[in-house]
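Below are the chains, spelled out letter by letter.
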Amino acid sequence: MKKVFLSLFLLFTLFKASADEGMWLPMLLGQQVYDDMVKHGLKLSKEQLYSINKPSIKDAIIIFGGGCTGEIVSNQGLIFTNHHCGYGAITKASTVEHNYLRDGFYAYTKADEIKSTITVQFLDRIVDVTAQVEAGLKGLNWDDRTKKTAEVYKAITDKVADPGNGLSGRIYSMFKGNQFIMYVYKTYRDVRLVGAPPESIGKFGGDTDNWEWPRHTGDFSIFRVYADKNGKPADYSPSNVPLKPKWFLPVSLKGYKDGDYAMIYGYPGGTNRYETSYGITLKNEIENPSLVGLRDMRLKYMYAEMIKDPAVKLKLASNYASIANYWKFYEGETKQLKKYHTYEAKQKAEMDFLKWAANKPEYQNIFAEYKKNYDSWSPYARQRQYLIEGILGSPLIAFASSLQQVENALNKKDSKEDVKKALANADAARKDFLASEDLPSDVKILGSAAMMFYNDIDKSQHPAGIYENIKSEFGNLNDEATYKAWAKSVFTNTMILNETKWKEFINNPDITTLQNDPAYAYASAFIKNYTSKYAKYYSDFVNKNNELGRLYMKGIMQMNPAAVKKMYPDANFSMRVSYGNVKSYNPRDAVHYDYATTSKGILEKYIKGDYEFDFPEKAIDLIKKKDFGQYKDKIKNDLVTGFITTNDITGGNSGSPVMDAYGNLIGLAFDGNYEALSHKIAFDKDLNRTINVDVRFVLWCIDKLGGAKNIINELKLVR
C-alpha cells in the first residue's frame, strides 16, 4: 500500500497541485494551481473565482453561524447550508406543539420566516499583513512574541474596523506563523429560518451512517439574510429587507457523471498535516481514546432519555448531535492513522529532514526539542481530557464551574459592583442551564465521570479531598453504587437546582455558602487543581510546540525553495477553495462504491418508526411512485440523493457549495468517509472522499414534500 507514504512524500515536495489534495487560498492561486484546475475541467477565469474589484464566486460564500459554511443562492439573500448547521436555530424555533425539528418547516411567504440569533459573514477582501506583523514583533524572543501578538493584530485590524458597516478584520497565521493574512469581513445580524426538512430526512441514518458511504441523508436547511433599506447590516427589524448580494450561485438540474469536475469553497476549520510523530503518539495513545470513551458514556445516558420522550429529545438534540459527531470521528481517526502506518511515515519524513539539517545549527536540534516537550506534557494529558470531556461533561458541573466568577468577586475587597454583576450573570446563565438540563441523564453522567476519573487518572493528580469525602460518606470507591448514591446526593442538595436556596443566595451572597455547595465544591476542586498545578504545563507545551512548528515549517520551505509557490497552508477557518472530481472508489478488496446514491437506497434502509432510519410516509409514497419531476437524474433514471468527490475538506466546510465547472451549484458538502478519517493529519489520494447531498434532492424535498414552490421560483435553475 502506498497511500500515506505518497501523501507524506507530497508533504516534503510542498503539496504540489498534481493531486486533489489542497485547501487553497483563493486570492493566492498560483498559475500552476489554476492550470491544474483547468486540467481537472474548470471553465471559469481566475477573476471569476476571486476578484477584489468585481463580484466573483467568493462573494456568494459565507461563514454561517460560528463554525459552518453557507452559500447565497438567489438575488434575495437566500442561503443554503446543512441541516446540522441550522440545527440549533431549528431546535430553538421548535416547541412540542410546533416541532419543526421533527416535522420540518417551510416559509411560504417572507412574513412566515422565523427570526434566529445566527449571524453570517461575507468576505470583503484579503490582505497580506506579514510585513506589518513581523515589524511589530521584531527582535522578540518566542515568549514575548506570543504575549505581544494579540496587541500587534489589534493595531492592524483596528484600521479596517467599521462597526457601522459591519466591517471587522481577522488575522490568520499561515504556515505555522511564517505568513500572516488578514481577512476583512462584513457581518449581518438579521438571519431568518426559511426552511428545513423533517429531522428524519436531515439526519437520516443518524449515528450509524455518520462518516459513512453510501449515504442518503438530506442534510440541508434554508435561511435568508436581511439588511436595512440601504443594504447595511442591522439588528432584526420587521422593516429590514432581503439582502441584494454581489453574487449568487445558479442551481444546476443537469447532474453529473463519474469523473466530472467538482469545486468546493468554504471555511475548513483545522488540519495539522505537518504534525510530528510525537503528536501522532499522543493522539493515538491518550487524547483520542480518552475523548471517545468519555463521550461514549455521555451519549449512552443522553440517548436513553431521548428515546423515551419527544420533549427531552428536543431539549438535548443539539448538544447530543454535537457530541456524537466527533465521537465517531476521533474513533475513526485513530483507526486510520494506525491502519496506514502514519506514525512510521512521519518518522521517515523527520529522518529525511534531520539529514538535511545535520550541518544547520538552527534546525538540527528540532526533534530533540520536540521529544523533550512531549515527554514533559504527556504524563498530564489524560487528566486534561478527563476534566474537559468527563468532569465538565456534566452540564450541572459545567454550570457550577462558571460560578467561580462569583467566588472571585466575593473574595475582592470593596467589590459590591463586581459581586452584583457576577450574580446577575450567574442568574441569567442559570435560567439557560435549567431550560436545557435533563436531570436523569446528567446525574448518571456525573457519577460515571467521577468514577472514570478515579480509576483512570494517576492518584497523584486527583484534587485533594474529593474522593476521600466520597469514600467517608458513601463507601467503596471501586463500587459503581457509591458514585450513583453520591451523584444523587449532589443533585438533591445543590442550591443550583433549588429555587428557594438559589434566591436566598442571590439576595444574600455568602462565600461560605457557595464553597460548601456540593456541586460547586466538586467543580471548583477539579478546576483549581488543574489551574494551580497543570495549566502552566499545558501552556508551556503549546507555546513550545508552536515555536518548534514555526521553525520546522521554515526549514521545510528552505528544503524546497522552488516549490514555495505551490504550497497551501493548514486549514484554520479562513476561506479556501478545493478542486477535484466526482469519483467512485474501491475501499477494500472486491468492494466498489459508486459515485452516487439514489432513492432506491432510502427504501432499502427505511425502517418505519426507527430512531435513525425512519422517513416521512409521504416521501416513501412519492419514491415508490417514482414521482421525481424535473429532479430525476437521466443517467441513474432515479432521484439522486448524494454523491462523492475527491475534494479536500474538513470540519467547517459543512454546508459548503459543491460546484460544477461553470460555478453552478450541484450539491452541499456535509461529511467525509470513514476510510479517510486521518485526513486532518494525512490526505489519502486514493480513498479520500467528500460526501455531498445532491441539490436536486434538496429541491425535491422543498418542492414535492414541502410544497414550497415559492423557494424554487426564487432560484436561477440551470437545465
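Throughout what follows, the structure given in this document is the object of discussion.

Here is what the cut-offs are and how they apply
Residues numbered from 1 in each chain as written. Predicted model: local features only at pLDDT ≥ 70, side-chain atom pairs only at ≥ 80, totals over all residues. Heavy atoms only, no water. Helix = DSSP H or I, 4+ residues; strand = E, 2+ residues; numbered from the N terminus. Rg over C-alpha atoms; globule rule 2.2 N^0.38 Å. Buried < 20%, exposed > 50% of the residue type's maximum accessible area, 1.4 Å probe, protein only. Contact = heavy atoms within 4.5 Å. Areas by Shrake-Rupley, 256 points an atom, 1.4 Å probe, with all protein chains shown as cover. Lys, Arg positive; Asp, Glu negative; His and termini not counted. Charge placed at Lys NZ, Arg CZ, Asp CG, Glu CD. Arc of directions from axis to C-beta. Pairing = 2+ DSSP bridges. Expected span 1.5 Å × (residues − 1). Bend = angle between axes of the 7 residues up to and from the residue. Phe/Tyr/Trp six-rings, centres within 6.5 Å; stacked < 30°, edge-to-face > 60°. Disulfide = S-S within 2.5 Å. Core = buried A, V, L, I, M, F, W, Y, C linked by side-chain atoms within 4.5 Å. Axes fitted to C-alpha atoms, helices over the stretch in contact; angles between N-to-C directions. Parallel < 35°, antiparallel > 145°, perpendicular 65-115°, else oblique. Nonpolar A, V, L, I, M, F, W, Y, C, P; charged D, E, K, R; others polar. 1 Å grid on protein atoms, 1.4 Å probe; cavity = no way out; pocket = protein on both sides within 12 Å on 5 of 7 lines; lining within 4 Å. Points joined across faces, edges and corners; volume = space filled by probe spheres on them.

The number of helices and strands found in the protein chain is 27 helices and 22 strands. A compact globule built from 719 residues should have a C-alpha radius of gyration of about 27 Å, and the protein chain, at 26 Å, falls within 12% of that. Here the C-alpha coordinates of the protein chain stretch approximately 75 × 70 × 60 Å along the principal axes. Out of the 719 residues in the protein chain, the part that is buried amounts to 56%. Considering only residue pairs separated by 6 or more positions, the protein chain has 78% of its internal contacts joining residues 24 or more positions apart. With the model as given, the accessible surface of the protein chain reaches about 30,100 Å², and the carbon-plus-sulfur share is 51%. Side chains of the protein chain carry 96 positive and 86 negative charges; the gap between the two charge centres is 4 Å.

The periodicity of an α-helix, 3.6 residues per turn, causes residues three or four places apart in sequence to face the same way. The complete set of buried residues in helix H6 (residues 130-137) reads Thr130, Val133 and Leu137. Along the axis of H6, the buried residues cluster in a sector spanning 70 degrees; they form a single face. Facing away from the buried side of H6, by more than 90 degrees, are the exposed residues Ala131 and Ala135. The inward-facing, buried residues of H6 abut strand S6 (120-128), helix H7 (142-157) and strand S8 (179-188). Downstream of H6 by a residue or two, Gly139 has a phi angle that is positive, lying close to 80 degrees.

For a regular strand, side chains alternate in direction, first toward one face of the sheet and then toward the other. For strand S10 (residues 221-227), the buried fraction is high: seven of the seven residues fall into the buried class. Burial along S10 is two-sided: Ser221, Phe223, Val225 and Ala227 facing one way and Ile222, Arg224 and Tyr226 facing the other are all buried. Two elements, strand S3 (residues 78-81) and S10, share four bridges in a ladder whose sense is antiparallel. Among the inter-strand pairings, Phe80 is bridged to a residue of S10, identified as Ile222. Note that strand S9 (residues 190-196) and S10 share five bridges and pair antiparallel. Within the sheet, the bridge partner assigned to Arg192 lies in S10 and is Arg224. Taken together, the two bridges between S10 and strand S11 (residues 241-242) define a ladder with antiparallel strand orientation.

What follows is about helix H10 (residues 277-306). Counted at 1.5 Å a residue, the expected span for H10 with its 30 residues is 44 Å, and the 41 Å between its end C-alpha atoms agrees. Roughly 45 degrees is the biggest bend found in H10, and it falls at Lys283.

Another point: the packing of aromatic side chains. Per the stated rule, a full pass over the model turns up 47 aromatic pairs. Between Tyr374 and Phe541, the ring centres sit 5.0 Å apart and the planes meet at 85 degrees, which makes this aromatic pair edge-to-face. Of this pair, Tyr374 sits in helix H13 (residues 366-389) while Phe541 sits in helix H23 (residues 535-559); the two residues are 167 residues apart in sequence, bridging distant segments of the chain. There is no split in this pair, since Tyr374 and Phe541 are both buried.

As enumerated under the stated definition, the model contains one disulfide in all. With a sulfur-sulfur separation of 2.2 Å, Cys68 is cross-linked through a disulfide to Cys85. In this structure the cystine formed by Cys68 and Cys85 twists about its S-S bond by roughly -85 degrees; its chirality is therefore left-handed. On the criterion of sequence distance, the pair formed by Cys68 in strand S2 (residues 68-72) and Cys85 in helix H4 (residues 83-93) is long-range, its members being 17 residues apart. Of the cysteine sulfurs around Cys701, a residue in no disulfide, the closest is that of Cys85, at 17 Å. A relative accessible area of 1% means that Cys701 is categorised as buried.

Let's shift gears to the nonpolar core. Among soluble globular proteins, nonpolar side chains are generally buried collectively. The biggest cluster of nonpolar side chains holds 168 residues, and the ones touching the most others in it are Phe80, Met263, Trp700 and Ile702. Setting aside anything within four residues of it in sequence, one finds Ile702 in contact with Phe80, Tyr106, Phe220, Ile222, Gly707, Ala708, Ile711 and Ile712.

Bridge count between strand S7 (residues 167-174) and S8: eight bridges; the pairing is antiparallel. If you follow Ser168 over to S8, its bridge partner there is Tyr185. The hairpin formed by S7 and S8 contains four residues between the paired strands, and Phe175 there has a positive phi angle of roughly 50 degrees.

Once that is clear, we can look at the packing of H4 against helix H11 (residues 310-339). The geometry of H4 relative to H11 is characterised by a closest axis approach of 9 Å and an angle of 170 degrees between their N-to-C directions. Taken together, H4 and H11 sit at an angle that is classed as roughly antiparallel. Judged by residue contacts, Tyr87, Gly88 and Thr91 of H4 engage Leu314, Ala317, Ser318 and Ala321 from H11. The residue makeup of the contact of H4 with H11, split by class, is four nonpolar, three polar and no charged.

Further remarks concern the layout of surface pockets. Taken as a whole, the largest pocket spans an internal volume of roughly 1,300 Å³. In terms of lining, the largest pocket is formed by 48 residues, of which the most central are Lys176, Asn272, Val542, Asn545 and Asn546. Listing elements by their share of the lining of the largest pocket, those giving two or more residues are H7, S7, H10, H11, H13 and H23. Among the elements that line the lining of the largest pocket, the one with the most residues is H23, at ten residues. Here the lining of the largest pocket is composed, by residue class, of 22 nonpolar, 16 polar and ten charged. Looking at the second largest pocket, its volume works out to about 760 Å³.

Following Trp213, the chain continues to Pro214 via a peptide bond in cis, the omega torsion being 10 degrees. By secondary structure assignment, the location of Pro214 is in the loop between helix H9 (206-209) and S10. Despite not being glycine, Phe573 shows a phi value in the positive range, around 65 degrees. Locating Phe573 in the fold gives a position in the loop between H23 and strand S14 (576-581). Taking relative accessible area as the criterion, Phe573 reaches 15% and is therefore assigned buried. Residues other than glycine seldom take positive phi values, yet Asn637 does so here, at roughly 55 degrees. Looking at the element boundaries, Asn637 is found in the loop between helix H25 (617-624) and strand S18 (640-645).

Keep in mind these numbers describe shape, not what the thing actually does.
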